[in-house]
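Residues per chain are reported as follows:
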Amino acid sequence: MKIVVCAKFVPDATADRRFRSEDNTVDRAGVDGLLSELDEYAIETALTVKEAGDSGDTAVTILTVGPEQAADAVKKGLQMGADAGVHVVDDAIHGSDAVATSLILSKALAKLEADLVVFGMGSTDGSMGVIPAMVSERLGLPAVTLGSEVTVDGQTVRIRRDGDTASDTIEGTLPLVLSVSDQANEPRYPSFKGIMAAKKKPVETWSLADLELTPEQVGGSSAWTEVVEVTARPPRTAGTIVTDEDGSGAAELVGFLSTNKFL
Amino acid sequence: MSNVLVLVDHTAGTVRKTTAELLTIARRLGEPVAVFIGEGVQDALPALGQYGATKVIALTNPDLAQYLVAPKAEALQQVAAKVEPSAILISSNAEGKEIAARLAVKLESGLITDAVDVQEGGVTTQSVFAGNYTVQANVTHGTPIITVKPNAATPEVAETSPEVEEFDVTVSDAAKTARITDSKPRAATGRPELTEAAIIVSGGRGTGGDFGPIEAFADSLGAAVGASRAAVDSGWYPHAYQVGQTGKTVSPQLYVAAGISGAIQHRAGMQTSKTIVAINKDPEAPIFELVDFGVVGDLHKVLPTATEEVTKRKS
């Protein structure tokens, strides 16, 4: 079985995240970045499926689309235990919207002949959470999404999805698109051995031409959405802080709620 | 005026508040046409008419309920081909976003998700990067598909008497490949829905696992209960109530964070709340940087007394 994990390189949420003033796109090149934390759950799922399989012919590939630095996302996946990596990188990709990104991923997944495509529940930057559904739509594959628990039983993939009103069991048959939530597992840390082994694992770099795509089909100039304005949120004005030394905290709290008409 | 499709969010005909918000927003863009999938359209009709739906298109094909989102996207594509809407509005929840995603590919249209406002002309507002930036955007190609977050608009009444039009859709075999095989309804709490609530009281690591004081204070205020990731990961509260980057993003009138330090993961989910109150033992907790009012103290002492006082004042 060929498992492909789609992993995204994102700006570090604990550092300064910003937009490029010239085109209102997320600055991905000029800031610290890393593998989206939510994709670690997808990688862990893929590795668990591989390890549980009885046949030795299952391989896990990490697929990423992004600038040069995005190779770090692939590297992290290899260190965790994936077998190979593919990095789609092309200057024309900059500024692609979700629809175009899903096109690039779909072409790469078709080329990889993936049986099981695994995504995290969303990225930690754009956080739209729409790419798995779009890729499923484009490839004509079933999608079982937002799994909190995943079982692969022969050709059947079954997940538990904890929704707002119910906990559902959802299943589909391979080949299939799967996305997992951060409840699905506890992602492993790369071991020293894993880090050393990752250096010898194959990583291919593909351009748009390798996917039979033209620059006109992707990128900022052909995006179907446009950001017209970006505004940094003004810092909140400092609030009132009281210390509950003598049991007065509760009364002051209720006083605040009352003054602001929340009671 | 052009038609604007609104996908009705409902449970067996009981229309959710988000749909009233979508209809209100749709009136800024054109004439709202409600698309109702499933059983119970007659029950939903008064609510849809109250908020200005000019027509209700009812889809009752049973395949639409059993097979998740793919058939619903196919159905909307067929409705769109007939109605030729100028925009399509869908609630920004997990299912709504997936339907919108598929529809964007099918209709070759731009997609904007998680709008917190949509203005006349279709310019949307979104809150991004943990609420640190506000972005305005619009769709430049195809039929704009916009998913809208709860509380993006105050529902405005505009009475109409919409007609119901039954519409036959065909669902392809390809769309029936992922199915729900079992569904266990979550026990109702009697509290407001987290993403729609006007007031939310959330608990974190500082509860020590006891959400009793959180729930009691929430109930005294008529609030929803939320939890931080630390509390959820510790197994103290179900994941469905997690507020934060990997849980719900909320924007209530009042957010009370009790025993929550305010890590970026949590801030991402609540930073845009109108008023923020925190109770925390640690005066250095980053949550205090966000608050309008903060109490440095033990939530186990502060909340029960406050609950008593609120209950007294309300009775």
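Residues numbered from 1 in each chain as written. Chains lettered and ligands numbered in written order. Predicted model: local features only at pLDDT ≥ 70, side-chain atom pairs only at ≥ 80, totals over all residues.

As summarised here, the arrangement of the 10 strands in space is E13(A)-E9(B)-E8(B)-E7(B)-E10(B)-E6(B)-E1(B)-E4(B)-E5(B)-E11(B), forming an open sheet in which the pairing is mixed. Lying at the two open borders of the sheet, with one neighbouring strand each, are strand E13 (225-232) of chain A together with strand E11 (163-166) of chain B. When strand polarity is set aside, the average angle formed by the axes of neighbouring strands in this sheet is 35°. With 5 bridges joining them, strand E4 (residues 31-37) of chain B and strand E5 (residues 55-59) of chain B adopt parallel strand pairing. (Pairing = 2+ DSSP bridges. Helix = DSSP H or I, 4+ residues; strand = E, 2+ residues; numbered from the N terminus. Axes fitted to C-alpha atoms, helices over the stretch in contact; angles between N-to-C directions.)

Moving on, we come to the packing of helix H4 (residues 70-83) of chain B against helix H5 (residues 94-107) of chain B. Residues and elements named next belong to chain B. Two numbers describe how H4 lies on H5: the axes approach to 9 Å, and their chain directions differ by 50°. The orientation of H4 relative to H5 falls into the category oblique. In this structure, H4 meets H5 at a crossing whose hand is right-handed. Two secondary-structure elements touch here, H4 through Ala-70, Lys-72, Ala-73, Leu-76, Gln-77 and Ala-80 and H5 through Ile-99, Arg-102, Leu-103, Lys-106 and Leu-107. Taken together, the residues of the contact of H4 with H5 sort by class into 7 nonpolar, 1 polar and 3 charged. (Parallel < 35°, antiparallel > 145°, perpendicular 65-115°, else oblique. Left-handed = near helix turned anticlockwise from the far one by under 90°. Contact = placed C-beta atoms within 7 Å. Nonpolar A, V, L, I, M, F, W, Y, C, P; charged D, E, K, R; others polar.)

Nonpolar side chains in soluble globular proteins tend to be buried together. Among the nonpolar cores identified, the biggest contains 131 residues, and A:Val5, A:Val117, B:Val6, B:Val35, B:Phe36 and B:Leu89 are the most heavily contacted of them. Those residues within four positions of B:Phe36 in sequence are excluded, and the remaining contacts are B:Val8, B:Val41, B:Ala44, B:Val56, B:Ile57, B:Ala58 and B:Leu59. Grouped together as the second largest cluster of nonpolar side chains are 49 residues, B:Val256, B:Ile260, B:Ala278 and B:Val296 included. (Core = buried A, V, L, I, M, F, W, Y, C linked by C-beta atoms within 7 Å. Buried ≥ 20, exposed ≤ 12 C-beta atoms within 10 Å, placed from the backbone.)

Looking at chain B as a whole, its pLDDT mean stands at 95, while 100% of the residues score no less than 70. Interface predicted TM-score (ipTM) for the complex: 0.93; the corresponding pTM is 0.93. (pLDDT = per-residue confidence, 0-100.)

All names here are of chain B. You can read the domains of chain B as domain 1 (3-176) and domain 2 (194-314). Here domain 1 and domain 2 have C-alpha centroids that lie 32 Å from each other. With 8 residues of domain 1 at the interface, the matching set in domain 2 holds 8 residues. Here the residues of the side of domain 1 that touches domain 2 sort into 3 nonpolar, 4 polar and 1 charged. (Domains from an automatic or database assignment.)

Right, let's talk about the interface of chain B and chain A for a bit. In this complex, chain B contributes 69 residues to the contact, which on the side of chain A involves 65 residues. Among the elements that make up the side of chain B that touches chain A, the one with the highest residue count is H5(B) (9 residues). Residues of the side of chain B that touches chain A, tallied by class, amount to 35 nonpolar, 21 polar and 13 charged. Of the strand pairs in this sheet, E13(A) and strand E9 (residues 133-139) of chain B are connected by 7 bridges, and their pairing is antiparallel. Its bridge partner lying in E9(B), A:Val230 is registered against B:Val135.

This part covers the sheet that holds strand E8 (residues 149-153) of chain A. Whether parallel or antiparallel, the strands of a sheet pair through hydrogen bonds between backbone atoms. Here we have 4 strands laid out as an open sheet, ordered E8(A)-E9(A)-E10(A)-E12(B), and antiparallel in their pairing. Only two strands of the sheet have a single neighbouring strand rather than two, namely E8 of chain A together with strand E12 (178-185) of chain B. Adjacent strand axes in the sheet meet at a mean angle of 15°, parallel and antiparallel pairs treated alike. In this sheet, strand E9 (residues 156-162) of chain A lies alongside E8(A) in antiparallel orientation, the contact comprising 5 bridges.

Residue and element names in this part refer to chain A. By the criterion of burial, strand E6 (residues 116-120) is predominantly enclosed, with 5 of the 5 residues buried. Alignment of strand E1 (residues 2-6) against E6, held across 3 bridges, turns out to be parallel. When the bridges of E6 are listed, Ile-3 appears paired with Leu-116. Pairing between E6 and strand E11 (residues 176-180): 5 bridges, direction parallel. Residue pairing in the sheet places Val-117 in a bridge with Val-177 of E11.

Note the cis peptide between A:Leu174 and A:Pro175, where omega equals -5°. Tracing the backbone through its elements, the reader meets A:Pro175 in the loop between strand E10 (166-173) and E11. Positive phi outside glycine occurs at B:Leu68, with the angle close to 60°. Here B:Leu68 is to be found in the loop between helix H3 (63-66) and H4.

Our focus in this paragraph is the pairing of strand E17 (residues 293-296) of chain B. Alternating positions in E17(B) separate into two faces, B:Phe293 and B:Val295 on one and B:Gly294 and B:Val296 on the other, with burial throughout. Both strand E14 (residues 240-243) of chain A and E17(B) contribute to a ladder of 4 bridges, which runs parallel. Counted as the bridge partner of A:Thr243 is B:Val296 from E17(B). Here 4 bridges tie strand E16 (residues 275-280) of chain B to E17(B), and the two strands are oriented parallel to one another. By the bridge assignment for E17(B), B:Ala278 is matched with B:Gly294.

Residue and element names in this part refer to chain B. Taking 1.5 Å of rise per residue, 13 residues should cover 18 Å, and helix H1 (residues 17-29) covers 19 Å from first to last C-alpha, within 8% of that figure. Of all 13 residues in H1, 11 are buried; the element is thus mostly enclosed. All of the buried residues along H1 are Thr-18, Thr-19, Ala-20, Glu-21, Leu-22, Leu-23, Thr-24, Ile-25, Ala-26, Arg-27 and Leu-29. (Expected span 1.5 Å × (residues − 1).)

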